[in-house]
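So the chains spell out like this:
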Amino acid sequence: ESSGWFGQAGSLWHLQDLDLGGRVTRAWVFNNPDTNHYVVTVDNNGTLTDVRAAGDLTSEPIFIAAPGQALSFSYYFRTERFQTLPASRYWDQRRLQISVDGGSFADVLQLQDDPVETWLTAPPVNLTPYAGKTIRLRFHFNSLDPYYNSSGTAWFGWAVDDITIQPAAAAPACNEPSANNST
């Protein structure tokens, strides 16, 4: 839900009721709620022109009291990407960033080469290095340019849901073979 998160002023992040990929939920979404896509246009002397779309969804400060915690979240997206080509820094970017003790934000996860139009669970992000520190989390979207953002069809954008910090999953126990009692 919305507690503890806010979209950057002027960005397209907002809470939205969704029915996507067989899932009904209320999630944070980067798109225009009026058009349900993130193609942004501006009036340039009577001509509408696509422009770059970017924005941040940022948490309030979170104190990580002890080691052994992990961040998890689920997401759904349809953005510019070309499945027949390798991932590229030039396609639309979906990133998770962390700021530690009021410092600058740094990337900790970039989502790419994942299936579109289905709900996915991001790999857990280990927060142990931040134990005893205050962090802020930020979901950052950037189309990088105004090109191919609509490609004849408007892209939905990026939805983020089920954002949780919880104890990290324990490593699987080693299954030792039975003692060898032969002589």
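It should be emphasised that the depicted structure is a prediction, and the values quoted were computed from it without experimental measurement. (Residues numbered from 1 in each chain as written. Predicted model: local features only at pLDDT ≥ 70, side-chain atom pairs only at ≥ 80, totals over all residues. Heavy atoms only, no water.)

Once that is clear, we can look at the pattern of salt bridges. Under the criterion given, the structure shown has seven salt bridges. Between D56 and R138 there is a salt bridge, and its shortest N-O distance comes to 3.7 Å. Of this pair, D56 sits in strand β6 (residues 54-59) while R138 is found in strand β13 (residues 133-142), placing the two residues 82 residues apart along the sequence. Since its relative accessible area comes to 11%, D56 is described here as buried. On the basis of relative accessible area, R138 is assigned to the buried category, the value being 18%. Residue R94 pairs with D114 through a salt bridge whose shortest N-O separation is 2.8 Å. (Salt bridge = Lys/Arg side-chain N within 4 Å of Asp/Glu carboxyl O. Helix = DSSP H or I, 4+ residues; strand = E, 2+ residues; numbered from the N terminus. Buried < 20%, exposed > 50% of the residue type's maximum accessible area, 1.4 Å probe, protein only.)

This brings us to unusual backbone geometry. Backbone geometry places E117, a non-glycine residue, at a positive phi of 55°. In this fold, E117 is placed in the loop between β10 (105-111) and β11 (120-121). For D162, which is not a glycine, the phi torsion comes out positive at approximately 55°.

This part covers the packing of aromatic side chains. Under the counting rule described, the total for this entry stands at 10 aromatic pairs. Judged by centre distance (5.7 Å) and plane angle (65°), the rings of W13 and F30 are edge-to-face. On the criterion of sequence distance, the pair formed by W13 in strand β2 (residues 13-20) and F30 in strand β3 (residues 23-30) is long-range, its members being 17 residues apart. Of the two residues, W13 and F30, both sit in the buried class. Judged by centre distance (6.1 Å) and plane angle (50°), the rings of F73 and Y75 are tilted. Judged by relative accessible area, F73 falls into the buried class, the value being 2%. By the ring-pair criterion, three or more aromatic residues cluster together here, those being W5, W13, F30, F73, Y75, F77, F139, F141 and W158. The cationic tip of R94 hangs over the ring face of F77; the distance from NZ or CZ to the ring centre is 3.6 Å. The ring of F105 carries the charged tip of R138 above its face, separated from the ring centre by 3.9 Å. (Phe/Tyr/Trp six-rings, centres within 6.5 Å; stacked < 30°, edge-to-face > 60°. Lys NZ or Arg CZ within 6 Å of the ring centre and 35° of its normal.)

This part is about the environment of E80. In this structure, E80 sits in the loop between β8 (69-78) and β9 (93-100). When its relative accessible area of 3% is taken as the criterion, E80 is described as buried. Considered as a pair, E80 and Q93 are 13 residues apart in the sequence and their alpha carbons are 9.0 Å apart.

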